[in-house]
Amino acid sequence: MERDFRQLADLYKTALLDNVLPFWEQYSIDTECGGYFTCLDRTGKVYDTDKFIWLQNRQVWTFSMLCNRLEKRSSWLDIAEHGAKFLANHGRDPEGNWYFSLNRSGQPLIQPYNIFSDCFAAMAFSQFALASGQDWAREVALQAYQNVLRRQTNPKGNYNKAYPGTRSLKGLSVPMILANLTLEMEWLLPKTTLDQVLEATVQEVMTDFLDENLLYENVAPDGSHVDCFEGRVINPGHGIEAMWFMMDIAHRSNNLNLINQCIDVVIRTLNFAWDQKYGGIYYFLDVKGHPPQQLEWDQKLWWVHVETLVALVMGYRLTGRSDCWKWYQKVHDYSWSHFADAEYEEWFGYLDRRGEVLLNLKGGKWKGCFHIPRSMYLCWQEFEALDQAEKFS
C-alpha cells in the first residue's frame, strides 16, 4: 500500500458519509416509539425490536459528535435528539441508574447491573448537550458521570455474582473507559477533576494491568496476577483500544515516552494475537496458551479490527514509527477485504476464524452505530493531518 494519505483520508470520509451513516439514518430510526432499532440484518431489515441502552446512547453520541466536530447538520442533530429524548424518558430507574435494555416502547427488561450503561449515557448526553445547547441534557450527563465515579470500584454493585473475599478481581474495562469518558466530558468538568481522573486512570492501566507489554483483562486489586481463567485472559481489542485512549491523553501533555510505550503494547499485542494461518486478530487468548474459556475465542470481530486501525494510524502520526505503518497496512487489508460489505451498506460484525461471515447482520445486541463510524471519522482525521503535514514538510 502506498503512503497516499490523501487517498486514505478520502476512503474513510466516503465510507463514513456515503455508506455507514446512511445505513443508520435510513433503517434505525423508530419513528413510532422513539429511540433506535439496532437489530438490523444485512440489508437493514429490523429483526428484533428490543433496545439496548449501550447502543441507544452510543448512537446519540455518534450523531452528536459529528455535529460538534464535523458539521452542524440539522438532520444529524434531529437523530441525536430523537434518541436522547427517548432515553431521558425511559432509560433510568428511579435512583438514576441506567438499565441495560428496554422493550420497544421503553419498558425496562434488564436491570442496571453494571456502570457501562451509565458510561455511555454520560458520553452521549455530554456530546448532545454540547451540540444542542440544552441544559437538561447537561444535567443528565453530569448525573450519569457521577454515577460512574461513585460506583467505579464496585461496578456491578448488588448484581455482582462473585462470592465475596475468595477471588477478588478488577477489570481493565473500567479504568480504560473512564479515561476516554473523562476526555469526552472535559468541557463540563472542573480542571482539577479532569486532571485527577486522567492521572489515576493512566496510572492504573499502565501499571496494574500491564505486564511484558501485554494488557491483562483482569488482575487482583493490587495488580498482581491470579492463575485462573479470568486472570489469564488477554482481550486484544480492549488492550489496543485502551492504548489509543492513553495516546490521546499523552498527546495533550506531549508525553512522547508514554506514546511510545502505548505503541509498544499495540505491536506486542498484535504479534501475540494475530492469526498466522488465516489472518485477523483473535477475540480472546489465554496468556499461557491454555484453552480460553470463551468458546468464541477464535472469531474475528469488527470492533477489534477498526479500533486497531485507529491505534495504528494515531501512533504513526504521532511518532512516524515504521512498525505502526507496517501493521496498519496488514490490518487495513484484512479489515477492508473481510468486514466491508461489497453489496450493501455498512460492515459485517462477526467472522469465523477463516474470515467467513458468521452472522448475516449489520447490527444486533452488541453492534450498533458506534465503532465503525467512530473509527471511520478518526482515521479520516488522522490521514487528513498526515496529508497536511506532508504538504508542509
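The structure under discussion appears in the preceding block.
These notes cover the structure that comes with them. Computed from a predicted model, the values in this text were never measured in an experiment.

**Some details on the pattern of salt bridges**
Across all of its chains, the model carries 29 salt bridges by this definition. Between glutamate 343 and arginine 42 there is a salt bridge whose closest N-O contact spans 3.5 Å. You can see glutamate 343 sitting in the loop between helix 12 (322–338) and strand 13 (350–351) and its partner arginine 42 sitting in the loop between strand 1 (39–40) and strand 2 (46–48), a full 301 residues away along the chain. Linking glutamate 241 and arginine 374 is a salt bridge whose minimum nitrogen-to-oxygen distance equals 2.7 Å. With glutamate 241 in helix 9 (residues 236–252) and arginine 374 in helix 13 (residues 371–391), this residue pair connects regions lying 133 residues apart in the sequence. In this structure, glutamate 241 and arginine 374 share a single accessibility class: buried. Salt bridges linked by common partners bring Arg6, Asp10, Glu384, Asp387 and Lys391 together as one network.

**Let's talk about helix 12**
In this model helix 12 runs 25 Å from its N-terminal to its C-terminal C-alpha over 17 residues, within 8% of the 24 Å that 1.5 Å per residue would give. Regarding helix 12, the residues found buried are Cys324, Trp325, Trp327, Tyr328, Gln329, Val331, His332, Tyr334 and Ser335. In the core, the buried residues of helix 12 are packed alongside helix 1 (5–27), helix 10 (256–273), strand 12 (300–301), helix 11 (302–319), strand 13 and helix 13.

**With respect to helix 11**
Counted at 1.5 Å a residue, the expected span for helix 11 with its 18 residues is 26 Å, and the 26 Å between its end C-alpha atoms agrees. A large share of helix 11 lies buried, amounting to 16 of its 18 residues. Directly after helix 11, the chain includes glycine 320, whose backbone phi takes a positive value near 70°.

**Side note on the nonpolar core**
Core analysis: the biggest nonpolar cluster contains 136 residues, and Met243, Met246 and Phe383 have the highest contact counts within it. The greatest single-element share of this core, amounting to 12 residues, is contributed by helix 11. Not counting residues within four places of it along the chain, the set of residues in contact with methionine 243 comprises Val205, Met206, Leu215, Cys262, Val265 and Val266.

**Re empty space enclosed by the protein**
As enumerated under the stated definition, the model contains one cavity of 30 Å³ or more in all. Of the voids in this model, the largest cavity is the one considered here, and its volume is about 30 Å³. Lining the largest cavity are Phe229, Arg232, Val233, Leu285, Asp286, Pro292, Gln293 and Gln294. Of all the elements in the fold, those that place two or more residues in the lining of the largest cavity are helix 8 (229–232) and strand 11 (285–286). For the lining of the largest cavity, the residue count by class is four nonpolar, two polar and two charged.

**A short note on the packing of helix 2 (residues 53–69) against helix 3 (residues 74–90)**
Helices that pack against each other are described as a pair by the angle of their axes relative to one another and the distance between those axes. Where helix 2 contacts helix 3, the axes come no closer than 8 Å and their chain directions differ by 150°. When the axis of helix 2 is compared with that of helix 3, the two are roughly antiparallel. Where helix 2 crosses over helix 3, the two elements pack in a sense that is left-handed. Each of Ile53, Gln56, Asn57, Gln59, Val60, Phe63, Ser64, Leu66 and Cys67 in helix 2 lies in contact with helix 3, whose residues at this interface are Trp76, Leu77, Ile79, Ala80, Gly83, Ala84, Phe86 and Leu87. Residue classes in the contact of helix 2 with helix 3 are distributed as 12 nonpolar, five polar and no charged.

**Brief notes about the layout of surface pockets**
Computed from the structure, the second largest pocket encloses a volume of approximately 510 Å³. As for the second largest pocket, its lining consists of 21 residues, of which Arg69, Leu183, Glu184, Asp248 and Leu378 are closest to the centre. Counting only elements with at least two residues in the lining of the second largest pocket, the list comes to helix 2, helix 4 (116–132), helix 6 (173–184), helix 9, helix 11 and helix 13. With five residues, the top contributor of residues to the lining of the second largest pocket is helix 13. When the residues that make up the lining of the second largest pocket are grouped by side-chain class, the tally is nine nonpolar, four polar and eight charged.

Calculation criteria
Position numbers for residues count from 1 along each chain, tracking the sequence in the order it is written. Whole-chain, interface and lining totals are the exception, using all residues; otherwise, since this is a predicted model, local features are given only for residues with pLDDT of at least 70 and side-chain atom pairs are given and counted only at 80 or more. With hydrogens and water set aside, each side-chain value is computed from the structure's full complement of heavy atoms. One side-chain nitrogen of Lys or Arg within 4 Å of one carboxyl oxygen of Asp or Glu is enough to make a salt bridge. The helix and strand labels rest on DSSP assignments: H or I over at least four residues marks a helix, E over at least two residues marks a strand, and numbering proceeds from the N terminus. Classification of residues uses two cut-offs on accessible area relative to the type maximum, computed with a 1.4 Å probe and protein chains only: under 20% is buried, over 50% is exposed, and between them is partly exposed. What a helix is expected to span follows from its residue count: subtract one and scale by 1.5 Å. Pairs of residues are marked as contacts when any of their non-hydrogen atoms sit within 4.5 Å. In plain words, nonpolar cores are sets of buried Ala, Val, Leu, Ile, Met, Phe, Trp, Tyr and Cys residues tied together by side-chain atoms within 4.5 Å. Two kinds of site are reported from a 1 Å grid over the protein atoms alone, namely cavities, where a 1.4 Å probe fits but cannot get out, and pockets, open sets with protein on both sides within 12 Å along at least five of seven lines, and residues are called lining when an atom falls within 4 Å of a point. Grid points are joined across faces, edges and corners, and a volume is the space filled by probe spheres set on the points. Residues are sorted three ways: Asp, Glu, Lys and Arg are charged, Ala, Val, Leu, Ile, Met, Phe, Trp, Tyr, Cys and Pro are nonpolar, and all the rest, Gly among them, are polar. Inter-axis angles, ranging from 0 to 180 degrees, are taken between N-to-C directions of lines fitted to C-alpha atoms, where helices are fitted over the stretch in contact. What sets the label is the angle itself: under 35 degrees gives roughly parallel, over 145 gives roughly antiparallel, 65 to 115 gives roughly perpendicular, and the rest give oblique. Crossings are sorted by hand: turned counterclockwise from the far helix by less than a right angle, the near helix makes the crossing left-handed, and turned clockwise it makes it right-handed.

Structural measurements only, silent on function.
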